[in-house]
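Commentary on secondary and tertiary structure
Next come the chains, spelled out residue by residue.
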Amino acid sequence: MAQLLITGGAGFLGSHTCLVLLEAGHQLLVLDDFSNSSAISLERVAELAGVPLQRDQPTLKATLEAFTLVEGDIRDTQCLDALFTSAKAFGQPIEAVIHFAGLKAVGESVQQPLRYWDVNVVGTQRLLTAMNFHHCRTIVFSSSATLYGYPHPNQIPIPETAPIQPINPYGASKHAAEALLADLAGCSGKPEPIQASSGGWRIARLRYFNPVGAHPSGRIGEDPNGIPNNLFPFITQVAVGRRPELTVFGDDWPTPDGTGVRDYIHVMDLAEGHREALHSLLNSDPQLLTLNLGSGQGASVLDVVKAMEATSQRAIPHRIAPRRPGDAAITVANPTLAAQQLHWRTQRSLTDICRDGWAWQQDNPNGYGEACL
Ligand SMILES: NC(=O)c1ccc[n+]([C@@H]2O[C@H](COP(=O)([O-])OP(=O)(O)OC[C@H]3O[C@@H](n4cnc5c(N)ncnc54)[C@H](O)[C@@H]3O)[C@@H](O)[C@H]2O)c1
């Protein structure tokens, strides 16, 4: 089993993936600055996994146990160097990194492009510099389907070879980080999703579609700051009474019911996809993998509203507003390559997503905000 560094491990996707990786027997060192998360998520992951959460500092004072948390910023080169150096000094060198840390709100990225490039691009570059220096050259990177911009109707479901055309600073920052990873792998400008890599780098660029839902225990889930940017947490917050109504942006899209169609993937399926990507990298020759993580199934906004109404047994008030600039009509993954390469596919349905997301929302109406451990 490997000693792993998980950046951004306290966040929505990171916390669920930490649980899956602990259950697979890996040792985890989480680095997070808590700019968009709470350490309570990791306390709960520890509780679910049945291991203690050890808190430490970048210059690690103690031998790494199964699950260690260090508070720090991926842009802090001294912090990164201290982590890699001290893990090695304890005879537990970091073998691979799963890199979730980043900023993810599209609207905010339009307002603050410099901040998005700083965290998502400069932060990734500093992390990769530290990895390279310390001879740790295996990384799973959080990329996004937002890279596909407005996909052409002929390319739905979207293959990894579809044109990359980011339409906002968030997407541009993910594109830049992907390009840096390709450069490191010696694959600059080559579009093939599976390529041999040079310099010993094993890299998976995972393009997530719409991760939603929660762990079935209801103990960990998505806890967005302020008004949710994404549909699913918004719907669950309306269902629980925290917000009065849902705004549906456009009912005149070229889709069966006129509302936008997305590929919703249960966060536990996504977490398991990371486990499989990591294991595939650790057991293969150096390579650059670029894979969609999605279900291959589309659901419209109204489909999700109906599914959540059925699960929660509550009406979800909604009103139709004009289309929002920057939205695409349909975004659905072609997940064939991930199935072939990782022997992974989604196992959970929209009904499962609603059941687990609703359990989390009901048990934690204010997220981790007022939670007791
Ligand atoms: N959730 C989605 O819909 C989605 C879709 C596609 C891609 N992604 C990408 O997946 C990754 C994880 O997303 P998430 O939904 O878990 O987001 P999240 O905000 O819940 O988690 C990100 C974590 O990174 C931490 N972080 C941010 N900046 C940091 C820094 N400078 N140093 C250290 N830690 C830092 C945050 O505190 C947070 O815990 C992000 O890179 C995001 O862009 C997310």
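A few points on the structure. Not measured: the values here are computed from a predicted model.

**Some thoughts on the sheet that holds strand S1 (residues 3-7)**
- Across the sheet, which stays open at both edges, the 9 strands sit in the order S3-S4-S2-S1-S5-S6-S8-S13-S7 with mixed pairing between neighbours. Since the sheet does not close on itself, it has two edges, and those belong to strand S3 (54-56) and strand S7 (194-196), each with one partner. Direction aside, neighbouring strands of the sheet carry axes that sit 20 degrees apart on average.
- Strand contacts of helix H1 (residues 12-23): S1, strand S2 (27-32), strand S4 (67-71), strand S5 (96-99) and strand S8 (202-208), with the helix running at about 165 degrees to S2, the strand carrying the most contacts.
- Across the sheet, helix H6 (residues 169-184) is in contact with strand S6 (138-144), S8 and strand S13 (287-293); its angle to S6 comes to roughly 155 degrees.

**A few points about the site of the ligand**
- Taken together, 28 residues lie near the ligand, and Asp32, Asn36, Ser37, Lys104 and Tyr170 sit nearest.
- A distance of 3.0 Å separates a nitrogen atom of the ligand from a polar backbone atom of Ile74.
- Separating an oxygen atom of the ligand from a side-chain N or O atom of Tyr170 is a distance of 2.7 Å.
- Elements represented by at least two residues in the shell around the ligand include exactly H1, S6 and H6.

**Overview of the layout of surface pockets**
- Its volume calculated, the second largest pocket comes out at about 310 Å³.
- In terms of lining residues, the second largest pocket is bounded by 19 residues, among which Ile164, Lys190, Pro191, Arg205 and Arg207 are the most central.
- Going through the elements one at a time, H6 and S8 are the ones with two or more residues in the lining of the second largest pocket.
- Of the residues forming the lining of the second largest pocket, the biggest block, 5 residues, is contributed by H6.
- In terms of residue class, the lining of the second largest pocket is built from 7 nonpolar, 5 polar and 7 charged.

**Quick word on the packing of helix H5 (residues 113-133) against H6**
- Packing of H5 against H6 brings their axes to within 9 Å, and their N-to-C directions diverge by 20 degrees. The angle between H5 and H6 places the two elements in the roughly parallel class. As H5 packs across H6, the resulting crossing turns out to be right-handed. Between H5, through Pro113, Tyr116, Trp117, Asn120, Val121, Thr124, Gln125 and Leu128, and H6, the contact on the second element is made entirely by Pro169, Tyr170, Ala172, Ser173, Ala176, Ala177, Leu180, Leu181 and Leu184.

**Focus: the sheet that holds strand S16 (residues 330-331)**
- Pairing in this open sheet of 3 strands is mixed, and the strands run S14-S11-S16 from one edge to the other. Edge positions in the sheet fall to strand S14 (299-300) and S16, since each has one partner strand and no second.
- Of the pairings in the sheet, the one linking strand S11 (residues 261-262) to S14 comprises 2 bridges and is antiparallel in character. Residue Val261 lies in a different strand from S14, and its bridge partner there is Ser300.

Parameters at a glance
- Each chain has its residues counted from 1, running along the sequence as written.
- Since the coordinates come from a predicted model, pLDDT governs what is reported: local features require at least 70, and pairs of side-chain atoms require 80 or more to be given and counted, while whole-chain, interface and lining totals use all residues.
- As a rule here, side-chain values cover all heavy atoms of the structure and leave hydrogens and water aside.
- Only strands that DSSP links by at least two bridges are regarded as paired with each other.
- Helix and strand assignments come from DSSP, with helices taken as H or I runs of at least 4 residues and strands as E runs of at least 2, each series counted from the N terminus.
- Each axis is a line fitted through C-alpha atoms, taken for helices only over the stretch in contact, and angles between the N-to-C directions span 0 to 180 degrees.
- Should any heavy atoms of two residues lie within 4.5 Å, those residues are counted as being in contact.
- The rule for a residue being near a molecule or strand is that one of its heavy atoms must lie within 4 Å of it.
- Any N or O atom pair separated by 3.5 Å or less is treated as a polar contact, with the protein-specific requirement of one donor-capable and one acceptor-capable atom, and with residues adjacent in sequence counted only for side-chain atom pairs.
- Points on a 1 Å grid, built from protein atoms alone, make a cavity when a 1.4 Å probe fits but cannot get out and make a pocket when they are open with protein on both sides within 12 Å along at least 5 of 7 lines; residues with an atom within 4 Å of a point are the lining residues.
- Grid points are joined across faces, edges and corners, and a volume is the space filled by probe spheres set on the points.
- Basically, the charged four are Asp, Glu, Lys and Arg, the nonpolar ten are Ala, Val, Leu, Ile, Met, Phe, Trp, Tyr, Cys and Pro, and anything else, Gly included, counts as polar.
- What sets the label is the angle itself: under 35 degrees gives roughly parallel, over 145 gives roughly antiparallel, 65 to 115 gives roughly perpendicular, and the rest give oblique.
- In this scheme the crossing of two helices becomes right-handed for a clockwise turn of the near helix relative to the far one and left-handed for an anticlockwise turn of less than a right angle.

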